[in-house]
Amino acid sequence: ADVAYLRSVLPATTEDAFFDYLATLDTSEVTVSAMPEGSVVFPRVPFLQVKGPLLVVQLLETTLLCLVSYASLVATNAARFRLLAGPDVKLMEIGLRRAQGPDGALSASKYSYIGGFDFTSNILAGKLYGIPVRGTIAHSFIMSFTSLEEVEPRELSPLAGGEPVDLPALAELWLGRVCELLQTPTEKAKRGELAAFVSYAITFPKDFQGLLDTYCVRRSGLPNFCAVALALHDLGYQAIGVRLDSGDLAQQSKEIRQVLRACGAHFQVPWFETIPIAVSNDISEQSLEEFSREGSEINVIGVGTNLVTCPLQPSLGCVYKLVEVNGTPCLKLTEDEEKMTIPGTKTIYRLYDADGHPFMDLMAMEEEPSPNVGQELMVHVLGQLGEATKVVPTSVEPLHRTHFRDGQVCEPLPSLLEVRNHAQMSLSQLHPSHRQLHEPQPYPVAVTERLHRLFTKLQEATQ
């Protein structure tokens, strides 16, 4: 059917032999080598290498670029959020409503997890990929209640067993005590909001959480949450968190933490002081920088639009270039040196210093011997090709592995969690000067003397 479709859209002068060839096309002669999934990749370093019949590898170009470009873009964007958030804050991907369609949404959930996010709100991504799923109560759910009379069922049994308790009545008693402690009028606390919290708590007593800003955080959302959480505590349960979705999130988180600590101390409920505070609302890199600068009590951050749509860089400039044909190196010339291809089949090495930080990626011709630890190397840094530089690596890591050969996958593919762990390890190895997001020190990429001579020779021959 595919070949028939191609016959219908290609020019009528296309030879039948071409369609016969396509009908028997296979990839048994193709070899693919690549960096391990989750590796940090620097500009101009080939992270994937494909060998095979020219026509076959040309047909693979668009497919491979589609598969790796958006994946790498989202994983990189997620990694930037992770670096800004630090290791202790949990990150939740919540971009399904803003993503570029269902396929883009699933891809964003998968690759943001690789980049360092902890959870996704996309249940299908959780089912398909095993990503931990998290979500919170919705504004619309809270707004759908108007009074405690609407709560049904009303009773909840204690965790340790015993007679069921009327939770709405218990929560209302606690609301009075909380409002007295906080010196806020009880009548300002919306009873519909309290009803929504109680109904949610009866359904999910071990997973109760509150969205605090449907009405007023200080006068309604927070007192109502505390009242229901304390009522649950009486029955042996612990609330798992609160969420903010508007306003000055950093400042509000500090005020909420202060109230939670006051309630915990006054009512002798120690765990109350450490209830996690989650935030959302168009979170960006700038938001995380402000949280850090101002100080906050935020434990969980939900990121949607600015994660899955990658507004700072909507596409990644991955390219797929011919570098050798029938054993003859090829060079694409351009006036922009950064866009010149590096000719020939290459082996890629990552060189490490004595502190375990990578300090250079080195491209060598495939037939060259591997550099040795402690060996003095003369290399040419890209962008400075007229000058040779001496380097002595403390550790040398070959970056490419053969993943596909003779029509077969050569080694077991890592799980998504293994890829995620490798990505985080790779990022942690970077020197802070290379890892910082603002004005990072450029990471040098170099070629060996032999590859430099080939590069220069081909440049001169084509001028």
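Residues numbered from 1 in each chain as written. Predicted model: local features only at pLDDT ≥ 70, side-chain atom pairs only at ≥ 80, totals over all residues. Heavy atoms only, no water.

Under an unreviewed UniProt entry, the protein has the name Nicotinate phosphoribosyltransferase and belongs to Centropus bengalensis. Heading Sequence similarities (unreviewed entry) of the UniProt record for the protein holds this comment: "Belongs to the NAPRTase family." What the UniProt record of the protein gives under Function (unreviewed entry) is the line "Catalyzes the first step in the biosynthesis of NAD from nicotinic acid, the ATP-dependent synthesis of beta-nicotinate D-ribonucleotide from nicotinate and 5-phospho-D-ribose 1-phosphate. Helps prevent cellular oxidative stress via its role in NAD biosynthesis." (UniProt positions renumbered as here; feature names shortened; annotations may be inferred.)

Participant: Help me out: how do you make sense of the pairing of strand β13 (residues 346-352) in this one?
Facilitator: Remember that side chains alternate between the two faces of the sheet whenever the strand is regular. When you tally the buried positions in β13, you get 6 out of 7 residues, the bulk of the element. Strand direction decides the pairing type here: β13 and strand β14 (residues 358-365), joined by 7 bridges, are antiparallel. Looking at β14, one finds that arginine 350 is bridged to aspartate 361. Connecting β13 to the next strand, β14, in antiparallel fashion are 5 residues, including glycine 356 with a positive phi near 85°. Two strands pair when backbone bridges link them, and β13 and strand β17 (residues 395-398) are joined in this way by 4 bridges, in the antiparallel orientation. Counterpart to arginine 350 in the pairing with β17 is glutamate 397. (Buried < 20%, exposed > 50% of the residue type's maximum accessible area, 1.4 Å probe, protein only. Helix = DSSP H or I, 4+ residues; strand = E, 2+ residues; numbered from the N terminus. Pairing = 2+ DSSP bridges.)

Participant: What should I look at first to understand the pattern of salt bridges in this one?
Facilitator: Oppositely charged side chains are able to pair whenever their charged atoms sit close together. Counted under the stated rule, the structure contains 14 salt bridges. Here aspartate 118 ties to arginine 420 by a salt bridge, and the two come within 3.3 Å at their closest N and O atoms. Remark: arginine 420 occurs in helix α14 (residues 416-429) and aspartate 118 occurs in the loop between α5 (101-115) and β4 (119-120); sequence separation between them is 302 residues. Per residue, the accessibility class of aspartate 118 equals that of arginine 420, and both read buried. (Salt bridge = Lys/Arg side-chain N within 4 Å of Asp/Glu carboxyl O.)

Participant: I'm lost on the UniProt feature "domain: Nicotinate phosphoribosyltransferase N-terminal" (unreviewed entry) in the protein in this one. Help?
Facilitator: The UniProt record marks residues 2-69 with the feature "domain: Nicotinate phosphoribosyltransferase N-terminal" (unreviewed entry), using the residue numbering of this structure. Summarising residues 2-69: 46% helix, 12% strand, and an end-to-end C-alpha distance of 25 Å.

Participant: Would you explain the sheet that holds strand β2 (residues 48-51) in this entry?
Facilitator: Strand pairing in a sheet relies on backbone hydrogen bonds, with the paired strands running either antiparallel or parallel. Strand order in this open sheet of 4 strands is β2-β1-β18-β19, and the pairing throughout is antiparallel. Lying at the two open borders of the sheet, with one neighbouring strand each, are β2 and β19 (408-409). By the bridge criterion, 3 bridges tie strand β1 (residues 31-34) to strand β18 (residues 401-405) in an arrangement that is antiparallel. Bridging across to β18, serine 33 finds its partner in threonine 402.

Participant: Which parts of the structure should I look at to understand the packing of helix α4 (residues 61-85) against helix α12 (residues 285-294)?
Facilitator: For any two helices packed against each other, one specifies the crossing angle of their axes together with the interaxial distance. Taken N-terminus to C-terminus, the directions of α4 and α12 make an angle of 10°; their axes are 9 Å apart at the nearest point. The orientation of α4 relative to α12 falls into the category roughly parallel. When α4 is examined against α12, the residues Asn77, Arg80, Phe81, Leu84 and Ala85 are found in contact with a partner set consisting of Glu285, Leu288 and Glu289. Classifying every residue of the contact of α4 with α12 gives 4 nonpolar, 1 polar and 3 charged. (Axes fitted to C-alpha atoms, helices over the stretch in contact; angles between N-to-C directions. Parallel < 35°, antiparallel > 145°, perpendicular 65-115°, else oblique. Contact = heavy atoms within 4.5 Å. Nonpolar A, V, L, I, M, F, W, Y, C, P; charged D, E, K, R; others polar.)

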